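# Structure assessment
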Amino acid sequence: MNRRRVLGAVLGAVALVLPACSGGSDNATANAEEPTGPTIPADPIAIQDASATAMGDVTSVRFELDRSGAPIFIDRFESLSLEHLLGRFSAPKSAEALIDVQVNGSLNTQLGAIALDDEVWLSNPVTGVYEPLPAGYDLDPSNFFDPVNGWRPLMAGLTGVELIGTADRGGDRYHIRGTAPAAQVADITAGLVRNQDVVADFWIHPVTALVTTAEFTTVFGDEETTWLLDLSEYGETFEISPPPDASAEASTEG
């Protein structure tokens with residue numbers, strides 16, 4: 001069971017948004033501004049191909065992740081389990097996340113993670129102060145949402161793709177289902193899920209071909225975990241900066 005790298009995977013699993021963000025699953029207010037045509041043909045392969053291209057061209061995105069079922073621990077001691085994650089990503093490699101965790105199965109708290117280029121900071125669960133990523137953690141919240149090496153091959157590599165139909169998921173969406181090969185699943189989860197093909201559902205905008213919701217279930221031993229990911233605010237400008245305490249530390253050292 002490969003849970004020591006879960007923190008990097010899960011944080012990457014949703015790269016990312018901090019304090020000023022509200023819930024991402026309700027896109028009703030954006031419906032009036034959504035593109036209205038022309039629509040992608042209602043053919044599963046056409047939708048898949050268009051989505052692979054569109055997701056590979058993403059420059060920024062906001063996302064929200066909910067986990068249910070078996071706990072996923074985000075530390076090597078298996079004391080912090082992921083409950084919810086809210087974040088945003090900006091190309092080429094900037095991300096920030098606010099993560100709700102449960103400590104030792106009882107106390108609820110939040111952690112923050114910020115990645116800028118090759119620097120990563122994680123907030124201390126006790127003091128709340130951001131610190132450089134401790135040695136031994138494989139964490140970079142910008143790795144999960146990699147448009148070129150992550151989402152594009154994921155969508156292009158789906159097999160057995162079928163069109164389930166259309167649905168209202170914050171607007172009219174195509175609903176497709178397919179099997180993501182283990183290699184692609186490992187890529188987009190930063191190694192959290194390995195050696196495991198995953199059947200996934202995607203809700204895709206019929207004009208832009210962007211994924212707005214994804215849902216899949218992973219298995220560890222005989223335990224299942226369900227992931228629900230909402231994606232929104234594609235193309236928005238996000239200002240992602242180093243944590244204030246990190247900047248102050250750099251000034252002091254200088």
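The notes below deal with the structure included here. Just so we're clear, the structure is a prediction, and the values are computed from it rather than from any experiment.

## Remarks on the nonpolar core
- Counting 48 residues, the largest nonpolar core has Met55, Trp151, Met155, Phe202, Val211 and Leu231 as its most contacted members.
- Setting aside chain neighbours within four positions, we find Phe202 in contact with Trp151, Leu154, Met155, Leu158, Tyr174, His175, Ile176, Val211, Thr213 and Ala214.
- Counting six residues, the second-largest nonpolar core is a separate cluster that includes Ile114, Trp121, Phe238 and Ile240.

## Some remarks on the sheet that holds strand S10 (residues 211–220)
- Across the sheet, which stays open at both edges, the eleven strands sit in the order S6-S5-S4-S3-S2-S1-S11-S10-S9-S8-S7 with antiparallel pairing between neighbours. Sheet topology places strand S6 (130–132) and strand S7 (159–168) at the edges, where each strand pairs with a single neighbour. Going from strand to strand, the sheet's axes swing by 20 degrees on average, the running direction of each strand aside.
- Pairing geometry for strand S3 (residues 94–103) and strand S4 (residues 107–116), over ten bridges, is antiparallel. Bridging from a neighbouring strand, Ile99 pairs with Leu111 of S4.

## Some thoughts on the pattern of salt bridges
- Under the definition given, this model contains seven salt bridges.
- Residue Glu83 is joined to Arg67 by a salt bridge in which the shortest nitrogen-to-oxygen separation is 3.4 Å. Here Glu83, found in strand S2 (residues 80–90), pairs with Arg67, found in strand S1 (residues 60–69); they are 16 residues apart in sequence, far enough to count as distant.
- Exposure remark for Glu83: the relative accessible area of 26% places this residue in the partly exposed category.
- Its salt-bridge partner being Lys93, residue Asp118 comes within 3.5 Å of it at the nearest N-O pair. Of this pair, Asp118 sits in the loop between S4 and strand S5 (119–123) while Lys93 sits in the loop between S2 and S3, placing them 25 residues apart in sequence.

## Observations concerning the packing of aromatic side chains
- For the structure shown, the criterion picks out two aromatic pairs.
- Arranged with centres 6.5 Å apart and planes meeting at 80 degrees, the rings of Trp151 and Phe202 form a pair that is edge-to-face. With Trp151 in helix H3 (residues 147–156) and Phe202 in strand S9 (residues 198–204), this pair connects stretches of sequence that are 51 residues apart.
- Residue Trp151 is classed as buried on the basis of its relative accessible area, which comes to 1%.
- Overall, Phe202 belongs to the buried group, its relative accessible area being 3%.
- Taking the ring centre of Trp203 as reference, the NZ or CZ of Arg169 above it sits at 4.1 Å.

## With respect to the packing of helix H2 (residues 44–56) against H3
- Packing of H2 against H3 leaves a shortest axis separation of 8 Å and a crossing angle of 175 degrees. When the axes of H2 and H3 are compared, the pair comes out roughly antiparallel. In this structure, H2 uses Gln48, Ser51, Ala52, Thr53, Met55 and Gly56 to contact H3, whose residues at the interface are Pro147, Val148, Trp151, Arg152, Met155 and Ala156.
- Of the residues assigned to the contact of H2 with H3, the class counts are seven nonpolar, four polar and one charged.

## Side note on unusual backbone geometry
- Between Gly37 and the following residue, Pro38, the backbone shows a cis peptide bond with an omega angle of -5 degrees.
- In this structure, Pro38 sits in the loop between helix H1 (6–12) and H2.
- Cis geometry marks the peptide bond from Ala91 to Pro92, where omega comes out at 5 degrees.
- Within the secondary structure, Pro92 is located in the loop between S2 and S3.
- Backbone geometry at Asn104 places phi at a positive 50 degrees, although glycine is not the residue there.
- Here the phi dihedral of Glu233 falls at roughly 55 degrees; this positive angle occurs in a residue that is not glycine.
- Residue placement: Glu233 occurs in the loop between strand S11 (223–232) and helix H5 (244–253).

What counts and what doesn't
- Residues numbered from 1 in each chain as written.
- Predicted model: local features only at pLDDT ≥ 70, side-chain atom pairs only at ≥ 80, totals over all residues.
- Heavy atoms only, no water.
- Core = buried A, V, L, I, M, F, W, Y, C linked by side-chain atoms within 4.5 Å.
- Buried < 20%, exposed > 50% of the residue type's maximum accessible area, 1.4 Å probe, protein only.
- Contact = heavy atoms within 4.5 Å.
- Pairing = 2+ DSSP bridges.
- Helix = DSSP H or I, 4+ residues; strand = E, 2+ residues; numbered from the N terminus.
- Axes fitted to C-alpha atoms, helices over the stretch in contact; angles between N-to-C directions.
- Salt bridge = Lys/Arg side-chain N within 4 Å of Asp/Glu carboxyl O.
- Phe/Tyr/Trp six-rings, centres within 6.5 Å; stacked < 30°, edge-to-face > 60°.
- Lys NZ or Arg CZ within 6 Å of the ring centre and 35° of its normal.
- Parallel < 35°, antiparallel > 145°, perpendicular 65-115°, else oblique.
- Nonpolar A, V, L, I, M, F, W, Y, C, P; charged D, E, K, R; others polar.

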